[in-house]
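# Structural description and commentary
Okay, here's what each chain looks like letter by letter:
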Amino acid sequence: MENNAFVNKMLVFANKFSNQRHITAIRDGFITLIPITIIASFWVLINNLVLSPTNGLLKNVEAAAQWMDLGNQIYNATLGILAVLIAATVGYKLAVSYKEEGIFGAVLAVVSFFIVLPATVSLTDVNGDEVTAAAWTQTQTSATGMFLGIIAALVSVTMLAHFSKMEKLKIKMPESVPPSISKSFNVLIPAFLVTLILGLVEVLIVWLAHTDIPTLITKFFQAPLVNSFQSLGGILLYVFLCNLLWAFGLHGTFILGSIGEPIMLTAIQQNMDALKNNTELPNIVTKPFLDSF
């Protein structure tokens, strides 16, 4: 009897966790991007195992390396902007769960992501002088910046949903105005407040703490999580919990995927960057590693 009660409690907790709107939005956002990540992974494989002039199968064919440009172009437009894409898909799914306009949720999530990104990059010119340019880098927009994209989507769309429920913040339009235009004006003030709050937080952190939101998230959130999965204890705990849920008839990998997927995608992105720079791969545990072993 006690065992049945424990199992029932586990089922209730697991179902609540799986159906929590923010967890569901992350999970469904990743599922939406599965075709894109597979396409990108295919071209990374082709470039490094077939076309690479150093260790590819066609390394002795002079024209083969030139075709790596094709794979690089596709990579740049897929995994190279994965943080932007995940912000959009998570924002869309979360907005729909709040019964808000999904496409606007996606747009606001992307806007919010770029609001909290520093838009300057320090470069060194041919003379050795440091030049500051107004630009975003692939380090920010690829899977390395994915955690920031997810957090920006969750925070911005959640705030939008709460502000949109306040009647005083809605701009009433005449009945003759098309519904699509009325909806746009209804979210104008809530969206303005969301962007104002996020922008203020970013600039205040830059002014007062002399750092930025991406740096803080990487240092206190992303790096510890990625490192925990690279330890034997960390990955065994994750696998144990996945299988424990299976023991209760629940899809453990599906339920915990919203936690594990971002961590392991970040790890494989770091490996890809290291491979492109001909340096040692930093991470052992990635999604393909876990699936294989």
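Our subject is the structure that appears above.
Heads up: these notes are all about the structure in this document. (Residues numbered from 1 in each chain as written. Predicted model: local features only at pLDDT ≥ 70, side-chain atom pairs only at ≥ 80, totals over all residues. Heavy atoms only, no water.)

### Digging into the packing of aromatic side chains
Per the stated rule, a full pass over the model turns up six aromatic pairs. Seen from their ring centres, F113 and F114 are 5.3 Å apart, and the 65 degrees between their planes marks the pair as edge-to-face. Overall, the relative accessible area of 0% leaves F113 in the buried class. Ring pairing ties together the aromatic residues F113, F114 and W136, which thus form one cluster. Positioned above the aromatic ring of Y98 is the side chain of R21, whose terminal nitrogen or guanidinium carbon lies 4.1 Å from the ring centre. (Phe/Tyr/Trp six-rings, centres within 6.5 Å; stacked < 30°, edge-to-face > 60°. Buried < 20%, exposed > 50% of the residue type's maximum accessible area, 1.4 Å probe, protein only. Lys NZ or Arg CZ within 6 Å of the ring centre and 35° of its normal.)

### So, the nonpolar core
F113, L148, V194 and Y238 are the most contacted members of the largest nonpolar core, which totals 33 residues. Contributions of two or more residues to this core are made by α5 (82–97), α6 (102–115), α8 (146–164), α10 (188–209), α11 (213–229), α12 (232–247) and α13 (252–276). Examining the composition of this core, we find that six residues originate from one element, α8, more than from any other. Setting aside anything within four residues of it in sequence, one finds F113 in contact with A83, V84, A87, Q140, G145, L148, G149 and A152. L94, A143, L154 and V157 belong to the second largest nonpolar core, which has 24 residues in total. (Core = buried A, V, L, I, M, F, W, Y, C linked by side-chain atoms within 4.5 Å. Helix = DSSP H or I, 4+ residues; strand = E, 2+ residues; numbered from the N terminus. Contact = heavy atoms within 4.5 Å.)

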